[in-house]
Amino acid sequence: MAAAAVAAAAAASATSSFPSAHRERTRTRSARPSLVSLHSGALLRVLRDGLRTNLGPGFDFLGCAVADASLSLGDTVTATLDPTLPPSTVSIACPHLAARLSKDSLHNCAGAVDALFGSRLERDDLILASLESEKAVSGFHVDNITPTILGGFVLVRSYEPFHMVPLASPPGLCLHLVLLTPDFEAPTSKMRAALPKEVGVQQHVRNLSQAAALVAGVLQGGAGLIGSAMSLDGIVEPNRAPLIPGMVAVKAAVLQARGCTISGAGSTAVAVIDGEEKRDEVGGMMVGAFWSTGKLKATAIVVQLDRHGARVMATTALG
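As named in an unreviewed UniProt entry, the protein is GHMP kinase C-terminal domain-containing protein, taken from Panicum virgatum.

Structure, rendered in structure tokens:
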């Protein structure tokens, strides 16, 4: 859990590099929680976001937010507005995180800043602010940011102008996934360097058809179609999987699953299953395949689609 002391200037300046003319609105303003009186200039909010994953042929333009039943996964941030600190100053209380995270307010905690001041930004503006932060770490990857904030499945249609399309899956869609994380780090920069610079026409058409099928599966509520389509990426996964010891064997081992692919750049593998009753069987096979062929220990968890995204869990006025 991280505690961040932040200033009002950060929220406004984080979005300043995106002209308003370059934003296509796709969502109406969401209901805002009441701003608690800052009678002492301090406010405590607990902000939580879930995990997110992009799936197979949806590389860089389609992602979804996932969470376990207890909401114990993801990140929880405790943020305090501290009037004793200079403007735009960020302080991180957790020593482990303080050594790894930027204290520059433009590159850290854009979402926490908005929550501290009453969630005043529209969500697409919040996404653009968060994108500025992520750019400093690993480049523009809106397919990560958008599901984290909005929840559910989100398609990124374009960056210039910025246009995202939340995909409304039927309420009856109960998507169960096994996430398998091996003891192996797959740096995004290395995984991107492995991608081909040119793609043949047939490969391109095949991947487009699977991406379209993936979107259709989301809109129709077809877990089987989602799993099948995400497994048939013929461009990104074939070049990344060999860099993760055991990943090829993991995919081959889970024939009982509806589909399996690499989650994002890796090294996590994700498999769609029929229900929680399959989790031990499928998860066990995936763990075993990582160990037997890649000599990697791995942990399996079962998650579901998170339709809510980042949320304020609690608010406390201090003073």
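1. Let's talk about the overall build of the protein
Counting its secondary structure elements, the protein contains 11 helices and 13 strands. For the protein, with 319 residues in total, the buried portion stands at 47%. Sequence separation of 24 or more characterises 75% of the internal contacts of the protein that already satisfy a separation of 6 or more. For the protein, the accessible area works out to roughly 14,800 Å², and carbon and sulfur atoms hold 57% of it.

2. Thoughts on the packing of aromatic side chains
All chains considered together, the criterion is met by zero aromatic pairs. Here the guanidinium or amino end of K295 rests over the ring plane of W291, the centre of that ring lying 5.8 Å away.

3. A short note on the nonpolar core
One broad trend across soluble globular proteins is that nonpolar side chains are buried collectively. Ranked by size, the top nonpolar core spans 23 residues in total, and within it L55, F153, L167, L175, L177 and L214 carry the most contacts. Of all elements in the fold, only β4 (62-67), β7 (153-159), β9 (176-182), α7 (201-220), α8 (223-230), β11 (269-273) and β12 (298-305) reach the threshold of two or more residues within this core. Setting aside its immediate chain neighbours within four residues, L175 contacts F153, A223, I226, V272, V303, Q304 and L305. A241, I273, M286 and L296 belong to the second-largest nonpolar core, a separate cluster that totals 22 residues.

4. Some points on the packing of α7 against α8
In contact at an axis separation of 8 Å, α7 and α8 are set at 160 degrees when each is read in the N-to-C sense. Considered as vectors, α7 and α8 are oriented roughly antiparallel to each other. The two elements α7 and α8 cross, and the hand of that crossing is left-handed. The residues of α8 that touch α7, namely those facing Q210, A213, L214, A216, G217, V218 and Q220, are L225, I226, A229 and M230. Among the residues making up the contact of α7 with α8, the classes are represented as eight nonpolar, three polar and no charged.

5. Quick notes on the pattern of salt bridges
In total, this model carries three salt bridges according to the counting rule given. D60 is the salt-bridge partner of R192, the closest N and O atoms lying 2.6 Å from each other. Note that R192 is positioned in helix α6 (residues 188-193) and D60 in the loop between β3 (51-54) and β4, a separation of 132 residues in sequence. The partly exposed category is assigned to R192, whose relative accessible area is 28%.

Rules used in this analysis
- Residues numbered from 1 in each chain as written.
- Predicted model: local features only at pLDDT ≥ 70, side-chain atom pairs only at ≥ 80, totals over all residues.
- Heavy atoms only, no water.
- Helix = DSSP H or I, 4+ residues; strand = E, 2+ residues; numbered from the N terminus.
- Buried < 20%, exposed > 50% of the residue type's maximum accessible area, 1.4 Å probe, protein only.
- Contact = heavy atoms within 4.5 Å.
- Areas by Shrake-Rupley, 256 points an atom, 1.4 Å probe, with all protein chains shown as cover.
- Phe/Tyr/Trp six-rings, centres within 6.5 Å; stacked < 30°, edge-to-face > 60°.
- Lys NZ or Arg CZ within 6 Å of the ring centre and 35° of its normal.
- Core = buried A, V, L, I, M, F, W, Y, C linked by side-chain atoms within 4.5 Å.
- Axes fitted to C-alpha atoms, helices over the stretch in contact; angles between N-to-C directions.
- Parallel < 35°, antiparallel > 145°, perpendicular 65-115°, else oblique.
- Left-handed = near helix turned anticlockwise from the far one by under 90°.
- Nonpolar A, V, L, I, M, F, W, Y, C, P; charged D, E, K, R; others polar.
- Salt bridge = Lys/Arg side-chain N within 4 Å of Asp/Glu carboxyl O.

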